[in-house]
Amino acid sequence: MSSPEVGVKQAPAPLEFKLPVDSEMKATKIVIYSIAQPHMRAFHLSWIIFFFTFFATFAPAVLIPIIREDMSLTKTDLGISGVTAVCGAIGMRVIMGFVLDIIGPRFGNAMTMLLFAPAVFCMSLVQSAGDFQCVRLFIGCSLCAFVTCQFWVGSMFNVKIVGTANAITAGWGNMGGGATALLMPLMYEGIADYVPAFHAWRYAFFIPGGIFVLLGVVSMLFSQDAPQGDYRMMKETGQLTQSKGNIWAVAKCGLLNYRSWICFMTYGYCFGVELTVDNLIVDYLYDQFQLDHMTAGGLGALFGLMNLFSRASGGMLSDLAAIPWGMRGRLWVLFTLQLLGGVFCLALGLVDYDLTATIVVMIIFSIFCQQACGATFGVVPFISRRAYGVVSGLVGAGGNVGSVVTQTIFFQGSASSPDMTKQDGLVWMGVMIMGITFLICFIHFPMWGSMFFPANPDVSEEDYYLREWNADEVAQGLHTPSLRFAMESKSNRGSQRGAKAKAEAAAAITANEAEIKPAAAQ
């Protein structure tokens, strides 16, 4: 197997874009109301596809009050189904990280939607607890679209705004968890006017299933993989080369970087917590405050709908903090937001006596939790340039692992917690969030520093990113994307060192262009 990297075999034809771009042809501006190809087209398709994978994954959880009555499901059956809904995506997200480096995000998205659309349709056919859990497992695998979302957007937008771009698309995608809590009860009620109630919930799943098929086709036909074009075209023109036998080299860059594993664990206690709450909040409100399923769904939807702005604001805060303080500012933002998320998760478990207090605390908790998710992906793109897909897949999988762990331990996912109430589970989940958050203190980039320690002035961005390539690969020019990325990422030094870094980057880019042109002519 092999891993694609941008090479210099042939000079590409000049390209024109509707957005301003940098030396990597990545957009330096986000225009929300545009669908211009390729940058904004990829931006919008990324979040829309991820939105509907979230929608379909948590649609069964929203209709639990009806489904459990229809199929006589026990509390343990429901707990296991909640775990299976998120555990399938663990492996799929890691696999998708490798797949994207080979086939590109366009086919990655199309493959995801078309492969798992049958599972969404099959929810209408389940007859037992085992059927229900199995189908939820396969629908949940579609959450690997998150990796495609972050990879695609990260490939389209400049490093100075990549945190914001990643956070907006992922946040709007996560909003599918809130939208399904709001819309699935309405669809159920509308269908139930014409068919028996225990048939209505089954028919409702044909709507997201059909949308899966539609989006798979749209992704394949109306988008492209990178600013330079599709991977196939780029291979034919020499813009995308394949370094033979280096798939393990790419894997090592991502898997042996300790920063990947810290983000894997911390993301499990922001995004993983979000998945857990999406699975239980409607059922919790329904049982704890004796609400009808429409009201419980509407109030529960508020948790996910905060993603309209909250995750995006986390990415924006990360980018803003990077202007004066560089990567150290990004790390402090992530640490603060995630710690506050843990505090309000704990508080949510303590205010179970009052519906108003529960909703207020739930909203505040959701904002900090989702902002931490956005801030995480203000850091992730800088861990490894060569293995960006692998790192994104690994960290994304960490979110699902965190959800599996918390649901299994605290929310009746197994016999290990038969007597723990949901309130107790929320309290202890908050404690775990706060404990895991302190791992962020150990993330250190030698050229940028960490939360408590400064950078090493003798280490540059080029030193960090070019160490992922050996001498033979450098001789072939396969390191060029990493070199360009290193130049662009000097903004993570912060304003105190930024002016000097900007001048150095401009000079280096000019010198590199001079070297590339003769090589391309050959």
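Here goes a summary of the coordinates provided. (Residues numbered from 1 in each chain as written. Predicted model: local features only at pLDDT ≥ 70, side-chain atom pairs only at ≥ 80, totals over all residues. Heavy atoms only, no water.)

Here helix H5 (residues 129-141) is 13 residues long and its end C-alpha atoms lie 19 Å apart, about the 18 Å a rise of 1.5 Å per residue gives. Along its buried surface, H5 packs onto helix H1 (39-62), helix H2 (64-71), helix H3 (75-103), helix H4 (105-122) and helix H14 (271-288). (Helix = DSSP H or I, 4+ residues; strand = E, 2+ residues; numbered from the N terminus. Expected span 1.5 Å × (residues − 1). Contact = heavy atoms within 4.5 Å.)

Glancing now at the side chain of Thr169. Checked against the element boundaries, Thr169 lands in helix H7 (residues 162-174). Within polar-contact distance, the side chain of Thr169 engages the backbone oxygen of Asn166 at 3.1 Å. For Thr169, the residues in contact, after removing those within four places along its chain, are Phe43, Trp47, Cys149, Gln150 and Val153. (Polar contact = N/O pair within 3.5 Å; in protein donor to acceptor, adjacent residues only side chain to side chain.)

To continue, consider the nonpolar core. Residues Phe157, Met184, Trp201, Met429 and Phe445 are the most contacted members of the largest nonpolar core, which totals 141 residues. In terms of residues, this core owes the most to one element, H1, which gives 15 residues. Every residue in contact with Met184, bar those within four places of it in the chain, is listed here: Phe55, Ala59, Val62, Leu63, Ala179, Ala204 and Phe205. (Core = buried A, V, L, I, M, F, W, Y, C linked by side-chain atoms within 4.5 Å. Buried < 20%, exposed > 50% of the residue type's maximum accessible area, 1.4 Å probe, protein only.)

This brings us to the packing of helix H16 (residues 310-350) against helix H19 (residues 422-437). As a packed pair, H16 and H19 sit with axes 7 Å apart at the nearest point and diverge in direction by 165 degrees. Classified by the angle between their axes, H16 and H19 sit roughly antiparallel to one another. Crossing hand, H16 versus H19: left-handed. Only Gln423, Leu426, Val427, Met429, Gly430, Val431, Ile433, Met434 and Thr437 of H19 make contact with H16, whose side of the interface consists of Phe335, Gln338, Leu339, Gly341, Gly342, Val343, Cys345, Leu346, Leu348, Gly349 and Leu350. (Axes fitted to C-alpha atoms, helices over the stretch in contact; angles between N-to-C directions. Parallel < 35°, antiparallel > 145°, perpendicular 65-115°, else oblique. Left-handed = near helix turned anticlockwise from the far one by under 90°.)

Another aspect to go through is the environment of Tyr203. Along the chain, Tyr203 turns up in helix H9 (residues 197-203). For the pair Tyr203 and Phe121, spaced 82 residues apart in sequence, the C-alpha to C-alpha distance is 8.9 Å. With residues near it in sequence (within four places) discarded, Tyr203 still touches Ile191 and Val195.

Here the structure, examined in full by the defined rule, presents zero disulfides. Cys144 takes part in no disulfide bond, and the closest cysteine sulfur to it belongs to Cys141, at a distance of 7.4 Å. The thiol of Cys270 is not disulfide-bonded; the next cysteine sulfur, from Cys373, is found 3.8 Å away. Accessibility expressed as a relative area gives 1% for Cys270, which makes it buried. (Disulfide = S-S within 2.5 Å.)

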